[in-house]
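Residues per chain, in single letters:
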Amino acid sequence: MKIKAMKWLTTAPVALALAVSLAACGGSSQPSGTPTDALKGSDQQTLDKYTTADVTPIDKIDKTKLGLITEGTLRVGTLSDAPPNIFIDPSGKFTGYDNELLRAMADKLGLKIEFASTKFQALLSQVKNKQFDVGSSSISTTDARRETVAFTNGYDFGYMALVTKEDAKVQKFADLKGSLRIGVVSGSVQEDYVKNTLKLEPVSFPDYNTVFASLKSGQVDAWVAPSQQATGQVKPGDGTKIAEKKLNTQNFTAYAVAKDNPALLDALNSALDAVVADGTWSKLTAQWYTDRPTSAEQTPEGWKPGSKAVKVPAK
């Protein structure tokens, strides 16, 4: 996919952002028919396989050899409509947990950062083709996606949420049966889970706003969602609730980089370790995920961000 004359932005009015039609941030479609039980808990062997033992000391990173589109600046592709992770605030600023963490990492490297909004289904190919230096979109690091791009060490995990109306009979994932209309976002881990693990046929939608509106209007009975996006949509008094959450750490969340740019990947891993070690990661995690105020809640089942060598400060 080619894009024409994309305007690079640090801040911009929402109206100027490119339209987003598929915000499958926390998910990835798997090959059809390949079961992916995203709720069985963390796969430590898989996580260890893709996590580096350590990183290059940040003061040893040569910023002139990062292969950036514009030297000294990280050009980042992101989404605009998936709070609390990736969105544009009322002032026109690209923000959210993922983007603020990346800002802190860029600061460690002494780099400027510029964001532009794009569609999720185009993001990885845009990173591969060097239209962006980095993809920031709560990207779940599946093996299928690793065929297109490289990923940093992980900076987040996820929960999968079951969203229903307050008076719904569906109360937990175990209640999902063939007669129910189950909403998902097309191309997401949640769609894969419903199809290939539950062996049910979901009702697929192009984005989070549409599937949530369809739940509220009664067009679907339940929404299987990334927990972060469910939390961003469900509001007190709107007649909906998060009925159940389950941990999904089968594939950690990371930033995408072109596979032929190991220098940038190395630099970002160094910066991630730096913001973990100085407490910035913990602070931002608590700020954006109010249900994760402590270290135990931020590092479940032995999972932690960054390389194997970095330590998360006790809290």
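Details of the structure are given in the entry above.
We now turn to the structure provided with this report. Treat the numbers as computed from the prediction; the structure is a model and nothing was measured.

Some points on helix H3 (residues 120-128)
Logical step 1: Within H3 the residues assigned to the buried category are Phe120, Ala122, Leu123, Leu124, Gln126 and Val127.
Logical step 2: Following H3 by one or two positions, Lys130 adopts a phi angle in the positive range, close to 65°.

Some thoughts on the packing of aromatic side chains
Logical step 1: Scanning the model with the defined rule gives ten aromatic pairs in all.
Logical step 2: Taking the centre distance of 6.3 Å and the plane angle of 45° together, the rings of Tyr97 and Tyr155 count as tilted. Of the two residues, Tyr97 sits in helix H2 (residues 97-109) while Tyr155 sits in the loop between strand E7 (150-151) and strand E8 (156-165), which places them 58 residues apart along the sequence.
Logical step 3: On the basis of relative accessibility, which here comes to 0%, the residue Tyr97 falls in the buried class.
Logical step 4: Relative to Trp303, the ring of Trp281 lies with its centre 6.2 Å away and its plane at 45°, an arrangement referred to as tilted. Here Trp303 lies in the segment after helix H10 (295-298) and Trp281 lies in helix H9 (residues 280-288), a separation of 22 residues in the sequence.
Logical step 5: Taking the relative accessible area as the measure of exposure, Trp281 reaches 1% and is therefore buried.

Looking at the side chain of Glu191
Logical step 1: Checked against the element boundaries, Glu191 lands in helix H5 (residues 189-197).
Logical step 2: Every residue in contact with Glu191, bar those within four places of it in the chain, is listed here: Val184, Val185, Ser186, Pro202 and Ser204.

Topic: the pairing of strand E6 (residues 134-140)
Logical step 1: Within E6, seven of the seven residues are buried, which leaves the element mostly enclosed by the surrounding structure.
Logical step 2: Taking every second residue as pointing to the same face, both faces of E6 are buried, with Val134, Ser136, Ser138 and Ser140 on one and Gly135, Ser137 and Ile139 on the other.
Logical step 3: Here strand E1 (residues 73-78) pairs with E6 via two bridges, running parallel. What sits directly across from Val76, in E6, is Val134.

Section: the pattern of salt bridges
Logical step 1: Across all of its chains, the model carries eleven salt bridges by this definition.
Logical step 2: As a salt-bridge pair, Lys195 and Glu191 come within 3.9 Å of each other at their nearest N and O atoms. Of the two residues, Lys195 and Glu191 are both situated in helix H5; the distance of four residues between them amounts to about one turn of the helix.
Logical step 3: Among the residues examined, Lys195 registers a relative accessible area of 33% and is labelled partly exposed.
Logical step 4: Judged by relative accessible area, which is 10%, Glu191 ranks as buried.
Logical step 5: For Lys245, the salt bridge goes to Asp291, with nearest N and O atoms at 2.8 Å. Of this pair, Lys245 sits in strand E12 (residues 240-257) while Asp291 is found in the loop between H9 and H10, placing the two residues 46 residues apart along the sequence.
Logical step 6: By relative accessible area, which is 35% here, Lys245 ends up partly exposed.
Logical step 7: Among the charged side chains, a salt-bridge network with shared partners connects Lys93, Glu100 and Arg103.

Cut-offs applied
- Residues numbered from 1 in each chain as written.
- Predicted model: local features only at pLDDT ≥ 70, side-chain atom pairs only at ≥ 80, totals over all residues.
- Heavy atoms only, no water.
- Buried < 20%, exposed > 50% of the residue type's maximum accessible area, 1.4 Å probe, protein only.
- Helix = DSSP H or I, 4+ residues; strand = E, 2+ residues; numbered from the N terminus.
- Phe/Tyr/Trp six-rings, centres within 6.5 Å; stacked < 30°, edge-to-face > 60°.
- Contact = heavy atoms within 4.5 Å.
- Pairing = 2+ DSSP bridges.
- Salt bridge = Lys/Arg side-chain N within 4 Å of Asp/Glu carboxyl O.

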